[in-house]
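# Fold and geometry: a report
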Amino acid sequence: MPRYLSLIRIDENNAPEGGPSPELMQRMGELIEEMTKNGVLLDTAGLTPTAQGSRVHYEGGRLSVTDGPFTETKEVIGGYALLQAKDRAEAIEWTKRFLKVHEPHWTVTCEVREIEEG
């Protein structure tokens, strides 16, 4: 079965203060458990804020490293989910369910892409 990477994008500057609520974390935990039992979820994690990250850039034969935060960036990758699904449509349906566990004041975008094998 194909694997898909769902990149979870958030606007770090407008994320709710204090992060996810306990209720959101409970709903997310229940969904993660269901996805794992169904063999769909292979791995998932949130990422630390960009202030704790670095960007390594290669251009014109030269490398540069820039430490965060990256204030010029509106959306950042806040986490990921590695899914195994029969097709892209199924991966998107699971991703929709993930988005729906969030409260209305969240703005979250997921980019779902198939992983090229071999």
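- Looking at an unreviewed UniProt entry, the chain carries the name YciI family protein, with the source organism given as Streptomyces erythrogriseus.
- In the Sequence similarities (unreviewed entry) part of its UniProt record, the chain is described as follows: "Belongs to the YciI family."

## Regarding the nonpolar core
- Residues Y4, L31, M35, L83, A91 and F98 are the most contacted members of the largest nonpolar core, which totals 21 residues.
- For this core, the elements supplying multiple residues, two or more each, are strand 1 (3–11), helix 1 (22–37), strand 5 (75–84), helix 2 (88–100) and strand 6 (108–114).
- Examining the composition of this core, we find that four residues originate from one element, helix 1, more than from any other.
- Beyond its immediate stretch of four places on either side in the chain, M35 contacts V40, L41, L83 and W94.

What counts, and at which threshold
- Residues numbered from 1 in each chain as written.
- Predicted model: local features only at pLDDT ≥ 70, side-chain atom pairs only at ≥ 80, totals over all residues.
- Heavy atoms only, no water.
- UniProt positions renumbered as here; feature names shortened; annotations may be inferred.
- Core = buried A, V, L, I, M, F, W, Y, C linked by side-chain atoms within 4.5 Å.
- Buried < 20%, exposed > 50% of the residue type's maximum accessible area, 1.4 Å probe, protein only.
- Helix = DSSP H or I, 4+ residues; strand = E, 2+ residues; numbered from the N terminus.
- Contact = heavy atoms within 4.5 Å.

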